[in-house]
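Architecture and fold: a report
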Amino acid sequence: MAPQVEYETPENVRLSYKPAGLGTRFTAWFLDTIILHVGLFFFMIALVFVAASLDGILRDWFRDLDRYFKTEGKSDPQTVGLIIIGIAMLFWGFGSFVYFGFSELLLRGQTIGKKAAKIRVVKLEGFALDAVSIFVRNIFRVVDHFPLLWIVPLLSSRSQRFGDMASGTIVVSDEPQELSEIRTRLASLTTAEARYRFDHAKLGRLKPGDIDAVERILERWTTMSAAQRQQIGEGMVGALCRKMQVDEPPPEDRRVFLEDLLAAEFRRQDRQLR
């Protein structure tokens, strides 16, 4: 098993990811491949019906195509078979790119198979997954599907394939973690009890990594020295306030500010789940 991958946020908070095991990734890929093949099967059936409905229009086109192959001497069974295989691979490759690419884009780094296997694609540096990274890692599927290159994730210290290396991504475990003490306490905090209040628009300006960083800091708050609290509080609270476009709290209220912010985000997540 690959070791945990750690990164440091701009607020000097260290977060970690647990890379997904190769067996789990294979399970997700196998499920996605089944879904992809079933989807392509129904797509081909739909094409047959469309072609049948356009028989009059396509008849002349197929006649010209047949004449071309005979004229160019490419009508032998072996050549025709290779052309059919090439067209099939083109359809499969395009379908694979569309399925994996759009799924990871719309489901925040997951496909149906990855969701079932409880794994997710994230940026190696901890930043939010973007469309460019998804495009690059899925373009490289054409290369990564060669059996000879299946050994690459085995040799990678982070279980990355070439597509992950090129796009700066990694597949990690998405298993739900045990609720921390701070999450358990703040989840029950109501809006009326909060000194600082944050609406949906302000919370929407933050990224998931920002919320994770706040939770990690509050978990360690009582074990940090006064100097550490001041340094981290200044950097983190200032950055969060600029993102949300709110006034900074006084230094003595930084912990309360972070707790109210985290509680507000928990309430927002709960409303979304409901």
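Above this text is the structure in question.
What this report covers is the structure whose coordinates are included nearby. What you are looking at is a predicted structure, and each value in this text was computed from that prediction instead of being measured.

Turning next to helix α11 (residues 208-220). If you check α11, its first and last C-alpha atoms are 19 Å apart, about what 13 residues at 1.5 Å a residue would give, namely 18 Å. Where α11 is concerned, the buried positions are Asp210, Ile211, Ala213, Val214, Glu215, Ile217 and Leu218.

Now for the packing of aromatic side chains. A full pass over the atoms with the stated rule returns 7 aromatic pairs. A ring pair is formed by Phe26 and Phe30, whose centres lie 6.2 Å apart and whose planes are at 25°; its orientation type is stacked. Of this pair, Phe26 and Phe30 both sit in helix α1 (residues 22-53), 4 residues apart, which is roughly one turn of that helix. With relative accessibility at 43%, the residue Phe30 sits in the partly exposed group. Seen from their ring centres, Phe198 and Phe257 are 5.3 Å apart, and the 85° between their planes marks the pair as edge-to-face. Of this pair, Phe198 sits in the loop between α9 (181-186) and α10 (200-204) while Phe257 sits in helix α13 (residues 254-273), placing them 59 residues apart in sequence. Three or more aromatic residues link up through ring pairs in this structure, and these residues are Phe26, Trp29 and Phe30.

Let us look at unusual backbone geometry. Non-glycine residue Arg108 carries a positive phi angle of around 55°. Note that Arg108 resides in the loop between α3 (77-106) and α4 (112-117).

Quantified by volume, the second largest pocket comes out at close to 540 Å³. In this structure, the second largest pocket is lined by 18 residues; those nearest its centre are Arg25, Phe26, Trp29, Pro153 and Arg161. The dominant element in the lining of the second largest pocket, judged by the number of residues it contributes, is α1, at 5 residues. In the lining of the second largest pocket, the residues fall into 11 nonpolar, 1 polar and 6 charged.

Moving on, we get to the pairing of strand β3 (residues 119-123). Most of β3 is tucked away: 5 of the 5 residues are buried. Inspection of the sheet shows β3 paired to strand β4 (residues 169-173) by 5 bridges, in the antiparallel sense. When the bridges of β4 are listed, Val122 appears paired with Ile170.

The next thing to look at is a nonpolar patch on the surface. Together, Phe26, Trp29, Phe30, Ile34, Val38, Phe41, Phe42, Ile45 and Phe49 make up a nonpolar patch on the protein surface, roughly 920 Å² of accessible area in all. Residue position: Ile45 is located in helix α1.

Looking now at the side chain of Asp210. Tracing the chain through its elements places Asp210 in helix α11. Given a relative accessible area of 9%, Asp210 falls into the buried group. In this structure the side chain of Asp210 is engaged in a polar contact, spanning 2.8 Å, whose partner is the backbone nitrogen of Lys207. Among the polar contacts made by the side chain of Asp210, one reaches the side chain of Lys243 at a distance of 3.0 Å. Setting aside residues up to four positions removed in sequence, Asp210 forms contacts with Leu240 and Lys243.

Time to look at the environment of Gln230. Within the secondary structure, Gln230 sits in helix α12 (residues 226-244). Overall, the relative accessible area of 46% leaves Gln230 in the partly exposed class. Separated by 21 residues in the primary sequence, Gln230 and Pro251 place their C-alpha atoms 7.8 Å from one another.

Take the pattern of salt bridges next. In a structure, side chains of opposite charge can pair up when their charged atoms sit close to one another. With the rule as written, the count across this model stands at 10 salt bridges. The partner of Glu265 in a salt bridge is Arg268, with the nearest N and O atoms 3.0 Å apart. Separated by 3 residues within a single helix, Glu265 and Arg268 lie in helix α13, roughly one turn from each other. With respect to burial, Glu265 and Arg268 carry one shared label: buried. Taken together, the shared-partner salt bridges in this structure form one network comprising Arg25, Glu104, Lys114, Arg137, Arg141 and Asp164.

With that settled, consider the environment of Ile182. Topologically, Ile182 is positioned in helix α9. Judged by its relative accessible area of 3%, Ile182 is buried. Separated by 37 residues in sequence, Ile182 and Glu219 have C-alpha atoms that sit 6.3 Å apart. If sequence neighbours within four positions are ignored, Ile182 has contacts with Glu215, Leu218, Glu219 and Glu259.

Thresholds applied
Per chain, residue numbering runs from 1 following the sequence as it is written. With the structure being a predicted model, the display of local features is reserved for residues of pLDDT at least 70 and the display and counting of side-chain atom pairs for 80 or more, all residues being used for whole-chain, interface and lining totals. Side-chain figures throughout are based on the complete set of non-hydrogen atoms in the structure, without hydrogens or water. Comment: elements are numbered from the N terminus, with helices defined as DSSP H or I runs of at least four residues and strands as E runs of at least two. To estimate how far a helix should extend, the number of its residues minus one is multiplied by 1.5 Å. With a 1.4 Å probe rolled over the protein chains alone, any residue whose accessible area is under 20% of its type maximum counts as buried; one over 50% counts as exposed, and the rest are partly exposed. Pairing of aromatic rings covers Phe, Tyr and Trp, the last counted by its six-membered ring, and requires centre-to-centre distances within 6.5 Å; plane angles under 30 degrees mean stacked, over 60 mean edge-to-face, and any other angle means tilted. Only protein atoms enter the 1 Å grid used here, on which a cavity is any set of points holding a 1.4 Å probe that cannot leave and a pocket is any open set flanked by protein within 12 Å on both sides along at least five of seven lines; residues with an atom within 4 Å of a point are listed as lining. Grid points are joined across faces, edges and corners, and a volume is the space filled by probe spheres set on the points. Residues are sorted three ways: Asp, Glu, Lys and Arg are charged, Ala, Val, Leu, Ile, Met, Phe, Trp, Tyr, Cys and Pro are nonpolar, and all the rest, Gly among them, are polar. A pair of strands counts as paired when DSSP detects no fewer than two bridges linking them. Patches draw on residues past 30% relative accessible area with no salt bridge. Two like charges within 9 Å are joined, as are two nonpolar side chains (Val, Leu, Ile, Met, Phe, Trp, Tyr) within 5 Å. Using a 1.4 Å probe, accessible areas were evaluated by the Shrake-Rupley method; residue-level cover was limited to the displayed protein chains. Salt bridges are identified by distance alone: a Lys or Arg side-chain nitrogen within 4 Å of an Asp or Glu carboxyl oxygen. Here a polar contact means two N or O atoms within 3.5 Å. Within protein one must be a hydrogen donor candidate and the other an acceptor candidate, and residues neighboring in sequence count only if both atoms are side-chain atoms. Any pair of residues with heavy atoms lying within 4.5 Å of one another is described as a contacting pair.

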